[in-house]
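Fold and contact review
Below are the chains, spelled out letter by letter.
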Amino acid sequence: MRIVLGIALGAAMASGQTEPPPNYASLCAGCHGPRAAGTDRGPGLANRRTLRNRSAAQIGELIRNGTPGGMPGFPLPAAQLSEMAGWVRSMNASAFDVQPEGAVGAGEQFFFGKGQCATCHMVRGRGATNGPDLSEVGKQLTVLELGQVLDDPASRGGMRSSAGCPPWAWCPAGHWGVVGVRLRDGSTLRGFARNRGRHGLQLQTLDGKFRTLHESEYSSVTQDSQPFMPALKASATERRDLIAYLSRLDGVRPGKLETPQAPVPASAVQAVHAPAAGEWPGYHGLPGANRHSALNQIHAGNVQRLRLSWSYELPYHGLEMTPLVSGGIMYVTGPNRVCALDARTGREFWCYSRPRNSGGRIAGDAAKGANRGAALLGDRIFFATDNAHLICLNRITGALMWEVVMPETPGAYGATAAPLVVGDLVISGIGGGDGPLLGFLAAYKATTGEQAWRFWTIPKPGEPAAETWKGKAIEVGGGATWLTGSYDPATDTLYWPTGNPYPDTDGTDRLGDNLYTNCVVALDPKTGKLKWHFQFTPHDLWDWDATEPLVLVDTRFRGRDRKLLLQANRNGFFYVLDRLTGEFLLGEPFVKRLTWASRIDSKGRPVLAEGAKPTPMGTKACPAVRGATNWYSTAFNPVSRLFYVMAVEDCSIYRQTGSWFVPYADPANPPEKYLRAIDIETGKIAWEVPQFGPPEANYSGVLSTAGGLVFYGETGGGFAAVEAKSGRTLWHFESNNPWKASPMTYTAGGRQHVAIASGSTVLSFSLPD
């Protein structure tokens, strides 16, 4: 069918067919006009953007199946269906479909040279941002439209951006139209009004920066009468060649950028490694993953006055991401979606999105829509798609600059973690380790997407650590890297947690410790070479990934100043390691329901208990498969010297094969969840706050601040602040949503905010004026 449709489309376009096929009158004329104009019952069939993005095969399926609650389906014979679909597609052919004549190379030279188009527009990571990105303009416009917008930019409001405007519409003139703004102090600004409301303006100045303005800060906004883009000045040949070049622009193809790129400025790296107060440029805020903020404008004495400042809705319920904030702009994510917001008001600058993947191509949380955030560096933002593609977007336009496919081996790879920026590299991991695949961590050059190194968490036969695998499972041994790691700029060391081995609960074909699963691996971030590793659960049989935050702190421990790594592990033990060497310093339970091991020995290995291993019929063991904690954030307060974690008291029935775990239901001893504070010197619980409701409904982490507060999501749906030293609840806000995300804090307009994703909504809180 696709071959027939392709032949029909080619024939229609080659012949310049404009007349509808014979069966048009009987099937379509009652609702659809044959040109752009429609009827009172339906739109015209020509020049429709929703059809322009569909192939002839997809249009054929639409004709055959119809639309829910709308157009009925028409089960035509194959020949008639292909003729009709080919004609409809030809009436909506993009410039890329037509491929007009001209010297494409000469047109490209004109674009980047004499024509000065690249002084405003970017194509595939090359150019400027004083106009929409044109990397996909060939598929977005017809040849006629390209000529119109070049000759008379005002005729269409400027070229449409792939990220800044909805895909079904032209950018309104104001989106890339220039405005003049007079501030209350008498000074003026000039730039693009990317968004405007009754009480504020989101401005992109002509030097490529965002300014967020409240109505109290300006007295007038004046729209320029002429578009910023001038009419094309070119010979007939130059115009033809330019249109030929633009018509070939069909988007950014996967693979590294081949064009030279300017190096990452040292100031941009510094802004990520040592962010200014009030900035939150990475998933954990600081590269060391300690969600303790130095901000103290909101404190124990005034937190009762905290109120909702703004909210922003994303089209996905169950958000797991942590927002980023830099320069007054917040970046939020959902599955295959990134949006830039005014951090003061939540008003949108731009959104980038692509369709989600399905059909068994990905598995696990990625297939369900889980995504935990992005990473920033200079003028770029990095994001992992659900099918494990790492993409780079421009921070000003939201347009795609480069895209790379991370997996190299077979498997249902996905990605849910936020990438991590280290120097001029962006590092990302993958998910899907509950199925047969080989886990890895990969680093790419931030400027071009070129791979710098790759670390495999499962060794190949004959490599170091391969002796820890006895059996065939080493070929598909899991070891996913689905949580963002940590980085220590002082020692230039990257720390990354790894997931469980595969098969999850059946170790018969993977005897041994199964390195490097359930580990923290300490790597040289420039080369990916292993410095040291520590394995929390050797030969894991309970699916207790070590993908919990690796918190790096410099503090006094048992009489010595030390560089520590802290982790509350899914297996129920709280660990303290020397992060310079990997030396084990402490391992103590932070939950009471812990039956798989009696203790951690002096070398850091668990002492296994009898009767805890999974069997074909099932074995009860504690903690539960979701763990004593999980991926949600933790924090250490250097003043209280307490480590804060959401802990779960629960058990599961673990089976060796088939449905490898089932919940353990004990009405007399139901699962429980607590916010707990741990003394890192002893591992003892200093205080705890019991939660009400099913623990699986709460995946919120914690945020500690210098205001003496700990923020977290309550299992009952509230968002709360407790006193850091005692756990006493000081404030709460009812969201009435189950929590899947962790809180963060930032400063915008001189005011501290605390933000968290709740359901499908980003909530930002601040103190009133």
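Computed from a predicted model, the values in this text were never measured in an experiment.

**Digging into unusual backbone geometry**
Glycine aside, residues mostly have negative phi angles, and peptide bonds mostly take the trans form. Cis rather than trans, the peptide bond between Leu 515 and Tyr 516 has omega equal to 5°. Considering the arrangement of structural elements, one finds Tyr 516 in the loop between strand 25 (493–497) and strand 26 (519–523). A cis geometry characterises the amide bond from Cys 622 onward to Pro 623, with omega recorded as 10°. Locating Pro 623 in the fold gives a position in the loop between strand 34 (619–621) and strand 35 (635–637). Phi at Asn 514 takes a positive value of approximately 65°, unusual for a residue other than glycine. Tracing the sequence through the fold places Asn 514 in the loop between strand 25 and strand 26. Using a relative accessible area of 0% as the deciding quantity, one classes Asn 514 as buried.

**As for helix 11 (residues 236–247)**
The terminal C-alpha atoms of helix 11, which comprises 12 residues, lie 16 Å apart, in line with the 16 Å expected from a rise of 1.5 Å per residue. Within helix 11, the full set of buried residues consists of Glu 238, Asp 241, Leu 242, Ile 243, Ala 244, Tyr 245, Leu 246 and Ser 247. Summarising the contacts, the buried residues of helix 11 are in contact with helix 6 (95–98), helix 7 (104–112), strand 1 (122–123), helix 8 (137–140) and helix 9 (143–151).

**Description of the pattern of salt bridges**
Per the counting criterion, the structure on display carries 32 salt bridges. With its nearest N and O atoms 3.1 Å apart, the salt bridge here joins Arg 344 to Glu 217. One end of the pair, Arg 344, is in the loop between strand 12 (337–342) and strand 13 (348–353); the other, Glu 217, is in the loop between strand 6 (210–214) and strand 7 (218–223), and 127 residues separate them in sequence. By relative accessible area, which is 30% here, Glu 217 ends up partly exposed. With a shortest N-O distance of 3.1 Å, Arg 570 and Asp 545 are connected by a salt bridge. In this pair, Arg 570 is assigned in the loop between strand 29 (560–568) and strand 30 (573–578) and Asp 545 in the loop between strand 27 (530–535) and strand 28 (551–557), connecting sequence segments 25 residues apart. A single network of salt bridges, built from pairs that share partners, joins Glu 320, Asp 365, Lys 368 and Arg 372.

**Quick notes on the confidence of the model for the protein chain**
Here the protein chain averages 90 in pLDDT, and 90% of its residues register 70 or above. Counting interchain partners and residues more than four positions distant, the pLDDT-below-50 stretch residues 35–41 has 20 contacts. Taken together, the stretch residues 157–174 has pLDDT below 50 and engages in 59 contacts with residues farther than four places along the chain or on a different chain.

**Digging into the packing of helix 9 against helix 11**
Running from N to C, helix 9 and helix 11 point in directions that differ by 125°, and their axes come no closer than 10 Å. When the axes of helix 9 and helix 11 are compared, the pair comes out oblique. Crossing handedness for the pair helix 9 and helix 11: right-handed. Here Val 143, Leu 146, Gly 147, Leu 150 and Asp 151 of helix 9 lie close against helix 11, whose contacting residues are Arg 239, Leu 242, Ile 243, Leu 246 and Ser 247. Taken together, the residues of the contact of helix 9 with helix 11 break down into six nonpolar, two polar and two charged.

**Let's talk about the side chain of Thr 745**
Within the fold, Thr 745 resides in strand 45 (residues 744–748). Among the polar contacts listed, one links the side chain of Thr 745 to the side chain of Gln 752, at a separation of 3.0 Å. Polar side-chain contacts of Thr 745 include one of 2.6 Å to the backbone oxygen of His 753. In this structure Thr 745 touches Trp 280, Ser 293, Leu 295, Leu 703, Gln 752, His 753 and Val 754, once residues within four positions along its chain are discounted.

What counts and how
Residues numbered from 1 in each chain as written. Predicted model: local features only at pLDDT ≥ 70, side-chain atom pairs only at ≥ 80, totals over all residues. Heavy atoms only, no water. Helix = DSSP H or I, 4+ residues; strand = E, 2+ residues; numbered from the N terminus. Buried < 20%, exposed > 50% of the residue type's maximum accessible area, 1.4 Å probe, protein only. Expected span 1.5 Å × (residues − 1). Contact = heavy atoms within 4.5 Å. Salt bridge = Lys/Arg side-chain N within 4 Å of Asp/Glu carboxyl O. pLDDT = per-residue confidence, 0-100. Axes fitted to C-alpha atoms, helices over the stretch in contact; angles between N-to-C directions. Parallel < 35°, antiparallel > 145°, perpendicular 65-115°, else oblique. Left-handed = near helix turned anticlockwise from the far one by under 90°. Nonpolar A, V, L, I, M, F, W, Y, C, P; charged D, E, K, R; others polar. Polar contact = N/O pair within 3.5 Å; in protein donor to acceptor, adjacent residues only side chain to side chain.

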